[in-house]
Amino acid sequence: MHNMGNNRPAILLVEDEQNLHEALKLNLELEGYEVTSAYDGSEALQQIGAAYFDLIIMDIMLPDIDGISITENIRVHNNEVPILMLSAKNAAADRILGLKKGADDYLTKPFNLEELLLRVAKLISKNKKIQVKESVGDIYQFGNNKIDFKALVAIDSNGTSIELSKKEAMLLKLLIENKNEVVTREKILQVVWGYNVYPTTRTIDNFILNFRKYFEADSRNPRYFHSVRGMGYKYTE
Ligand code: CA
């Protein structure tokens, strides 16, 4: 069944000033965004570990861990989520450091709400464009294997027909469309599992193990389906 909620971009709002937080949340929701709140750094890190976001709005000055350290932590984990940083007035050094550590944009407080909304929309659409790759067709062949994405069936090199689950087909398509590139776990979660269900790394690993059983001549020495430790998964030919 179609879930309307799945089409709303998800934003994590990290801001400890209650009034500003509530005003921003309300306005972002009126613009059609799904907003998750964090009022301090550890809450933010917990949310980031548990869910996919299209954008993070990150205040620098927080009661515990500062926004720059959180940004650094996000990038160390190869999470490429766009980050819009909010900094206090006269804190140019913070802004520069924030950008160096991986923030994509920043606004100085007090800021114009219209400007914030414009920047939010821009960062989200820019990120979406990067994520959309050239689509493979309904049928894809590699080696002696063939996948029919529409019929949810694959034919292996022995001519055996394999029924694919919807999620298997989606993950295969995602990996093949990003041939020779690492697809991060966050990206897989977003595309294959959607916004609100979060499988463990092991779940994705099990899908990859199945793909090897289906399609690799030697599943211990995979030619097509690779795990890249700490980063994600990669399809090569
Ligand atoms: Ca603050």
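Here the residue numbers are simple positions, counted from 1 along each chain's written sequence. A pLDDT threshold of at least 70 governs which residues receive local features in this predicted model, and a stricter bar of 80 or more applies before side-chain atom pairs are shown or counted, although totals over entire chains, interfaces and linings include all residues. The side-chain quantities take in all heavy atoms of the structure and omit both hydrogens and water.

Q: What's the story with the coordination of the calcium ion in this structure? I'm lost.
A: Six octahedral donors around a metal ideally make angles of 90 or 180 degrees; four tetrahedral donors ideally make 109.5 degrees. For Na, K and Ca the donor cutoff is 3.2 Å, while for all other metals N, O and S atoms count as donors only within 2.8 Å; water does not appear among the atoms, so some sites may look incomplete. In this structure, Asp16 (OD), Asp59 (OD) and Met61 (O) serve as the protein donors to the calcium ion, at separations of 2.1 to 2.3 Å. Sequence positions of the donors to the calcium ion reduce to the motif D-x42-D-x1-M. In this pair, Asp16 is assigned in the loop between β1 (10-14) and α1 (18-30) and Asp59 in strand β3 (residues 55-59), connecting sequence segments 43 residues apart. Buried residues are those whose accessible area, probed at 1.4 Å on protein chains only, stays under 20% of the maximum for their type, while exposed residues exceed 50% and partly exposed ones sit between those limits. Residue classification places Asp16 among the partly exposed positions, given a relative accessible area of 29%. The secondary structure listing takes helices from DSSP runs of H or I that are at least 4 residues long and strands from runs of E that are at least 2 residues long, numbered from the N terminus.

Q: Where do I start with unusual backbone geometry in this structure?
A: Excluding glycine, residues mostly carry a negative phi; peptide bonds, for their part, are mostly trans. Cis rather than trans, the peptide bond between Lys109 and Pro110 has omega equal to -5°. With respect to the helices, strands and loops of the structure, Pro110 is situated in the loop between β5 (105-108) and α5 (113-131). A positive phi angle is found at Leu152, which is not glycine, with a value near 55°. Examined against the element boundaries, Leu152 turns out to sit in the loop between β7 (145-148) and β8 (153-155).

Q: Quick question: what am I supposed to make of the sheet that holds strand β10 (residues 182-184) here?
A: Strand pairing in a sheet takes place through backbone hydrogen bonds and is either antiparallel or parallel in direction. Pairs of strands are assigned from DSSP output, requiring at least two bridges between the strands. Taking strand neighbours across the sheet as the criterion, the 3 strands line up as β10-β12-β11 in an open arrangement whose pairing is antiparallel. Looking at which strands have only one partner, the edges of the open sheet turn out to be β10 and β11 (225-228). If you compare each strand with its neighbour and ignore which way they point, the axes differ by 30° on average. Examined bridge by bridge, β10 and strand β12 (residues 232-235) share 3 bridges and lie antiparallel to one another. Within the sheet, the bridge partner assigned to Thr184 lies in β12 and is Gly232. Running at roughly 70° to β12, helix α6 (residues 166-177) makes contact with β10, β11 and β12 of the sheet. In this analysis, two residues are considered to be in contact whenever any of their non-hydrogen atoms come within 4.5 Å of each other. Between the N-to-C directions of two axes lies an angle of 0 to 180 degrees, each axis being a line fitted to C-alpha atoms and, for a helix, fitted only over the stretch in contact. Across the face of the sheet, helix α7 (residues 185-193) comes into contact with β10 and β12 while running at roughly 65° to β10.

Q: Looking at this structure, I do not really get the side chain of Asn145. What am I missing?
A: Counting through the fold element by element, Asn145 comes out in strand β7. A relative accessible area of 3% places Asn145 in the buried class. Looking at Asn145, its side chain comes within polar contact range of the main-chain oxygen of Phe215, at 3.3 Å. Apart from residues lying up to four places away in sequence, Asn145 is in contact with Tyr140, Ile155, Asp156, Ser157, Tyr214, Phe215 and Tyr224. By the criterion applied in these results, polar contacts are pairs of N or O atoms within 3.5 Å in which, for protein atoms, one can donate a hydrogen and the other can accept it, and in which residues neighboring in sequence qualify only through two side-chain atoms.

Q: It is not clear to me how the confidence of the model for the chain should be interpreted in this structure. Could you clarify?
A: One rule of thumb: low pLDDT means the predicted coordinates there are not for detailed reading. On average, residues of the chain score 89 in pLDDT, and 92% of them are at 70 or above. Scored from 0 to 100, pLDDT records how confident the predictor is in each individual residue. Throughout residues 1-5 the model reports pLDDT below 50, and contacts reaching past four residues in sequence, or to other chains, amount to 2 contacts.

Q: Looking at this model, I keep getting lost on the side chain of Asp54. Mind explaining?
A: Inspection of the secondary structure assignment puts Asp54 in the loop between α2 (41-50) and β3. A polar side-chain atom of Asp54 sits 3.5 Å from a polar atom in the side chain of Tyr52.

Q: What is the right way to look at the environment of Arg220 in this model?
A: Along the chain, the position of Arg220 falls in the loop between α8 (201-215) and β11. When the C-alpha positions of Arg220 and Leu209 are compared, they lie 9.6 Å apart, and in sequence the two are 11 residues distant.

Q: I would appreciate a short explanation of the pairing of β7 in the present structure.
A: Within a regular strand, the side chains alternate between the two sheet faces. Burial along β7 is one-sided: Asn145 and Ile147 are buried, and none of Lys146 and Asp148, which face the opposite way, are. Strand direction decides the pairing type here: strand β6 (residues 139-142) and β7, joined by 4 bridges, are antiparallel. Along β7, the bridge assignment pairs Ile139 with Asp148. What sits between the antiparallel neighbours β6 and β7 is a turn of 2 residues, in which Gly143 has the positive phi angle 55°. The pairing of β7 with β8 spans 3 bridges and is antiparallel. Counted as the bridge partner of Ile147 is Ala154 from β8.

Q: What is the right way to read the packing of aromatic side chains from this model?
A: By convention here, two paired aromatic rings are described through the distance between centres and the angle between planes. The rule is short: rings of Phe, Tyr and Trp, with Trp giving its six-membered ring, pair when the centres are within 6.5 Å, and they are stacked under 30 degrees, edge-to-face over 60, tilted in between. All chains considered together, the criterion is met by 11 aromatic pairs. Centre to centre, the rings of Tyr140 and Tyr235 are 6.5 Å apart; their planes meet at 75°, and the pair counts as edge-to-face. Residue Tyr140 is located in strand β6, and its partner Tyr235 is located in strand β12; the two are separated by 95 residues in the primary sequence. Exposure remark for Tyr140: the relative accessible area of 14% places this residue in the buried category.

Q: Explanation requested: the sheet that holds β6 in the structure shown.
A: With antiparallel pairing, the 4 strands of this open sheet are ordered in space as β6-β7-β8-β9. Each end of this open sheet is capped by a strand with a single partner; those strands are β6 and β9 (161-163). Averaged over all pairs of adjacent strands, the angle between strand axes in this sheet comes to 20°, irrespective of strand direction.

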